[in-house]
Amino acid sequence: MAVGGFAAAGGGGEDAGRRYGGGVTAFVALSCVTAAMGGAIFGYDIGTAGGVSSMDPFLRAFFPDVYRRMKAGGGAARASNYCRFDSQLLTLFTSSLYIAGLLTAVLLASWVTARRGRRPSMALGGAAYLAGAAVSGGAANVSMAILGRALLGVGLGFANQAVPLYLSEMAPARYRGMFSNGFQFSLCLGALLATVVNYGAAKIAAGWGWRLSLGLAAVPAALLTVGAVFLPETPNSLVQQGKDRGEVRALLQKIRGTDAVDAELDDIVAASATAQEGGAGGLRMLLTRRRYRPQLAMAVLIPSFTQLTGINAIGFYAPVLLRSIGMGESASLLSTIVLVVISSAATLASMFAADRFGRRTLLLAGGAQMLAAEVLIGALMAAKLGDEGGLGRAYALALLLLIGVYSTGFGWSWGPLSWLVPSEIFPLEVRSAGQSVTVASGFVFTILVAQFFLAMLCRMKAWLFFFFAGWIAVMTAFVYLLLPETKGLPIEQIDKVWAEHWFWKRVIGADEAQASEKL
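Predicted model, so just to flag it, every value in this text is computed and none were measured.

The rules behind each value
- Residues numbered from 1 in each chain as written.
- Predicted model: local features only at pLDDT ≥ 70, side-chain atom pairs only at ≥ 80, totals over all residues.
- Heavy atoms only, no water.
- 1 Å grid on protein atoms, 1.4 Å probe; cavity = no way out; pocket = protein on both sides within 12 Å on 5 of 7 lines; lining within 4 Å.
- Points joined across faces, edges and corners; volume = space filled by probe spheres on them.
- Helix = DSSP H or I, 4+ residues; strand = E, 2+ residues; numbered from the N terminus.
- Phe/Tyr/Trp six-rings, centres within 6.5 Å; stacked < 30°, edge-to-face > 60°.
- Buried < 20%, exposed > 50% of the residue type's maximum accessible area, 1.4 Å probe, protein only.
- Lys NZ or Arg CZ within 6 Å of the ring centre and 35° of its normal.
- Expected span 1.5 Å × (residues − 1).
- Bend = angle between axes of the 7 residues up to and from the residue.
- Patch = residues over 30% accessible without salt bridge, like charges linked within 9 Å, V, L, I, M, F, W, Y side chains within 5 Å.
- Areas by Shrake-Rupley, 256 points an atom, 1.4 Å probe, with all protein chains shown as cover.
- Salt bridge = Lys/Arg side-chain N within 4 Å of Asp/Glu carboxyl O.

Trainee: Account for the layout of surface pockets, with residues named and values stated.
Mentor: In this model, the second largest pocket occupies a volume close to 230 Å³. Forming the boundary of the second largest pocket are 13 residues, of which Cys32, Val33, Ala36, Gly182 and Met351 lie nearest the centre. Breaking the lining of the second largest pocket down by element, the ones donating at least two residues are α2 (26-35) and α9 (176-201). At 6 residues, α9 tops the list of elements feeding residues into the lining of the second largest pocket.

Rendered as structure tokens:
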């Protein structure tokens, strides 16, 4: 039954996707590349946090207890392989950014993005991130380092709210997957830049390399801030703000490279009118109306599942994890560079595959690949890594290979699509509120993973990876049963897939389903 429903939705998307005229123009491509710097900011932070946390000078200056455990000799003073980095203060350094990002997304970024536009939100995010990079690079104590991370989080809250919406609204329907996945690809490039910088910074004999790693976050932040000044606003946001139809039509013609934009403009205007007739705020509508139940479920569960794959645990702490199995500081950072390169290549492939094979196919195949790799990682560590001593060379290389397989599976599936799917499924009237829920859900679980991963690794040891594998099995089943295909559908017509789906049509009810089908 589920398969039939999905096929119907997918087929409708291809037909509807040909309604709109135009294609990819240099103007929209340049705009989206600039906006995707918001992803580079996120990636740079993920790569920096784990790398800096494994550097001896940084640990010696801010986390001396962890440093002493790392350098202790044999005997009772030496911590278990799984517990060397177990420090709630160290994990607070990592998670403070995401706590600030969560509060920003919930309390401020959604309102700014909906009422002032996507572009101002990106500019505010870039400016806050610049301030955070300056404070982090110049930190004199652990409190200042955490404050810098919190300022970075404010920037991230704005950027994660606005950039995915900007990309999904600017992209032509047929290529929305490619453009929206550019956010994840730029995230990978940011992480790659961070790991390369970390590798070089760790070799600075004077011991201030960690300041360079943290301070260079200003580079992608500056590109986003300056770029946002010159970017056009999205047509959807202009209509939402009540701008003149002629102004919006002219922008659409420039973006799409054709005069035949009336059908798309009519859909955008109709969605805006629906929001005004509703009379309720976007968040209230999203939470109280049955027709938005499917989108609300996806906004909460997809980003939450993404964090429960364990990817950010590996992203944050890959150098730390590799040092735990016996690698040196330099070798662990170099290995992390290799892993990020592999993940970036997989994400690049996803940019082209999402619009050809569909979202569901990639999520299901990627989930299966990650599940197999995660189980094997846990089995290898359980069998070969005890509380003391490192892995043998052959087993360490096997572990690196399995982490690479896992990262590749995530890179071409859940990594980019966890941004793409939520950004494209919401009608205009609740789109900013829906993105806020998506970002908040992702931040909540990012905070939990960042804050508790090292403690869980210490207590659960290799079983932690079986814990993540169980969640991968759950989320893959969720996609198979409950996520319809949205490939090729114009963003203002995606409401229809819920009314055709075997399960969600029962949730939203007959009246709401009929209303969706008329759009």
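Moving on, there is more to tell.
Trainee: Please give an account of the packing of aromatic side chains that cites residues and values.
Mentor: Scanning the model with the defined rule gives 16 aromatic pairs in all. Relative to Phe63, the ring of Phe58 has its centre 5.7 Å away and its plane inclined at 50°; by these criteria the two rings are tilted. For the pair Phe58 and Phe63, one class covers both residues: buried. Aromatic rings pair up to connect Phe58, Phe62, Phe63, Phe93 and Trp210 into one cluster. For Arg60, the ring lying beneath its charged end belongs to Tyr67, and the centroid distance is 5.3 Å.

Trainee: How would you explain α9 if you had to name every residue and give the values?
Mentor: With 26 residues, α9 should cover 38 Å at 1.5 Å per step; its first-to-last C-alpha distance of 38 Å lies within 8% of that length. Along α9, the helix axis deviates most sharply at Gly182, where the bend reaches about 30°.

Trainee: Before we move on, could you go through a nonpolar patch on the surface and cite the residues and values that matter?
Mentor: Taken together, the side chains of Leu89, Leu92, Ile99, Leu103, Val106, Leu107 and Leu108 present a nonpolar region at the surface, about 600 Å² in accessible area. Residue placement: Ile99 occurs in helix α6 (residues 88-115). A residue is classified by how much of its surface remains accessible, and Ile99, at 33% relative accessible area, is partly exposed.

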